[in-house]
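Overview (structure and organization)
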Amino acid sequence: MGSHRWYTGARRWRLTALLGVCVTALALLVTLLNTLPGRGADTSGTTRDGDRAHGTPAAPAGPVRPDVGWGFTHTQYSADQGGGSDRVARLLKGDGGLPQDQAVMGWGADNPEPVKGHYDFGALDRRIDFIRASGGTPVITLCCAPDWMKGGRAGVGATDWSQGSLERAPDPEHYQDFADLAATVARRYPDVRHFVVWNEFKGFWNEGEGRWDYEGYTKLYNLVRAALKKADPDNLVGGPYLPMDSVDPRADHASAQVRGPWGAMDQRALDAFDYWNAHKSGADFVVVDGSSYTNDDELLPDEFAATAKFTAVGEWVRGRTHDLPLWWAEYYVEPADSQDRREGWSEDRRIAVHATGLIAMARGGAGSGFYWNPEKKSGADCPGCLWTPTGDSDGGRELPMYGLISRFGKAFPPGTRYEKLSAAPGLRMLASRDTALVVNTLDRPVSARIDGKRFRMRGYEVKWLDR
């Protein structure tokens, strides 16, 4: 009996211990589940079928090519809302539609996946609908990442829209989650064939080594590209959308090889590009961005001559990518103030410098470029905008910058063969067999002679000539 009682007690002890372990394990499991991304987060208004095709996808007009031409990027305020929206759509469609780029999150688009597996594409749907209605070629820039992918909170209404949060890259353990989101976006908009991976290496800076985290970006790029190609092998993918910064030639990190009167390239940007180029899984086109001015906002030697940087960068990039189609995702010729506003120049001067920049990009081998459209919600004064703000009932009316961008896109589509023309001092020119663009870079009238014809040009005038 004694031994039996001991055995019974032992069984009772083992059972109690086992129950204790189970209770502890259950508590740990509950704690783990409660800490998983999105556990208990608000999912109201979201859907689980984000990859269901939205609306009526527009059939491409012809074969999908890696070059798209010259267009613009939608920013926080664009033309998809307001009384003037239809007016802009008709304007664009009447010009054959322009290539239009939209970020997947930010710059007018809401958090597309506030909780893992729960989607909210309402704002992005509206932008894509506008691009379709205006006859444009849609491009999606895959930036930025939902908060739960970068250490933030999940949930509808929980998104931190501060610049520091928005521009943070996804954590490495969520790179695949971001790639899965990219594939969901591609399936939702099957008429979007061109995808740009991320934006300006945002969040990819190695603070400890004082350089770009090109290893991290390239890993993300390769995962996203694989996911997009799996969604549809015909999807076209490009990167690295790297800011091609330039500095004073005497500055630290100034490149010894890529330099000119406009300054010198920051060698750290060139190193980042070379790493991506060597380790990427592939690319259908290559994407860069940058300004004609240096990091300290100096225009060397002046605002017009500084645009030669675009030519130099284009030639350098194409020499390393075996002539992959080159895109400028963003390009700037006028330094911004502390509020990122570029309103210091007259519109004539702005358009003249901008036209010179477009000429320089084309001469560097670019066939596609996107103007960062600085639209406002309302108000008559909108320097550099393509149209008057559509938030006003009479908005959506063409502005001079639209005339330049749309005309340049029609006159110099991808594959244009350029011809040489002799130019008088102070003039910049770009010519095809049928058209010539002439820019007076001086603030005073000049006399010009082109193709045997003589004419006068006002200060900062931009003139189109039929040949």
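Residues numbered from 1 in each chain as written. Predicted model: local features only at pLDDT ≥ 70, side-chain atom pairs only at ≥ 80, totals over all residues. Heavy atoms only, no water.

1. Structural notes on the packing of helix α5 (residues 175-188) against helix α6 (residues 214-231)
When two helices pack together, their arrangement is given by the angle between their axes and by how far apart the axes lie. Remark: α5 packs on α6, axes separated minimally by 8 Å, with the N-to-C direction vectors making an angle of 35 degrees. Crossing geometry of α5 relative to α6 is assigned as right-handed. Contacts from Y175, Q176, F178, A179, A182, A183, A186 and R187 in α5 reach G216, K219, L220, L223, V224, A227, L228 and A231 in α6. (Axes fitted to C-alpha atoms, helices over the stretch in contact; angles between N-to-C directions. Helix = DSSP H or I, 4+ residues; strand = E, 2+ residues; numbered from the N terminus. Left-handed = near helix turned anticlockwise from the far one by under 90°. Contact = heavy atoms within 4.5 Å.)

2. Focus on the environment of P112
Inspection of the secondary structure assignment puts P112 in the loop between β2 (100-103) and α3 (122-133). Assessed through its relative accessible area of 1%, P112 is described here as buried. A sequence separation of 69 residues divides P112 from L181, and the C-alpha atoms of the two residues are 8.5 Å apart. With sequence-adjacent residues up to four places away left out, P112 is seen in contact with V104, M105, H118, Y119, D120, F121 and L181. (Buried < 20%, exposed > 50% of the residue type's maximum accessible area, 1.4 Å probe, protein only.)

3. Section: the state of the cysteines
One pass over the structure, following the stated rule, counts two disulfides. Two residues share a disulfide in this structure: C143 and C144, whose sulfurs sit 2.4 Å from each other. One quick way to see it: the torsion about the S-S bond of C143 and C144 is about 60 degrees, and its sign makes the bridge right-handed. Residue C143 shares its accessibility class with C144, and that shared class is buried. (Disulfide = S-S within 2.5 Å.)

4. Observations regarding the packing of aromatic side chains
Applying the stated rule across the entire model yields 25 aromatic pairs. Look at W70 and F408: their rings are 5.2 Å apart centre to centre, the planes differ by 85 degrees, and that puts the pair in the edge-to-face class. Here the residue W70 occupies a position in strand β1 (residues 70-73), and F408 occupies one in helix α10 (residues 400-411), the gap between them amounting to 338 residues. Ring centres of Y221 and W276 lie 5.5 Å apart, and the angle between their planes is 85 degrees; on these two criteria the pair is classed as edge-to-face. (Phe/Tyr/Trp six-rings, centres within 6.5 Å; stacked < 30°, edge-to-face > 60°.)

5. Re the side chain of R193
By the secondary structure assignment, R193 is in the loop between α5 and β4 (194-197). Side chain to side chain, R193 and N235 meet in a polar contact 3.2 Å long. Leave out the neighbours within four places in its chain, and R193 touches V64, D232, D234, N235 and L236. (Polar contact = N/O pair within 3.5 Å; in protein donor to acceptor, adjacent residues only side chain to side chain.)

6. Brief notes about the sheet that holds strand β8 (residues 246-247)
Across the sheet, which stays open at both edges, the three strands sit in the order β8-β10-β9 with antiparallel pairing between neighbours. The open sheet terminates on both sides in strands that have one partner only, identified here as β8 and β9 (254-260). Bridge analysis of β8 against strand β10 (residues 263-266) gives two bridges, and the strand direction is antiparallel. When the sheet's bridge partners are listed, S246 is paired in β10 with M265. Helix α7 (residues 267-279) rests against β9 and β10 of the sheet, and its axis sits at about 45 degrees to β10. (Pairing = 2+ DSSP bridges.)

7. Things to note about the sheet that holds strand β12 (residues 326-332)
The strand order around the closed barrel built from eight strands is β1-β2-β3-β4-β7-β11-β12-β13, with neighbouring strands paired in parallel fashion. In this sheet, adjacent strand axes meet at a mean angle of 25 degrees when their direction is disregarded. Note that β1 and strand β13 (residues 366-372) share four bridges and pair parallel. Following the sheet pairing, W70 is matched in β13 by G369. Across the sheet, α6 is in contact with β3 (138-142), β4 and β7 (236-243); its angle to β7 comes to roughly 160 degrees. Most of the contacts of helix α8 (residues 308-320) go to β12, to which it runs at about 150 degrees, and overall it touches β11 (285-291) and β12.

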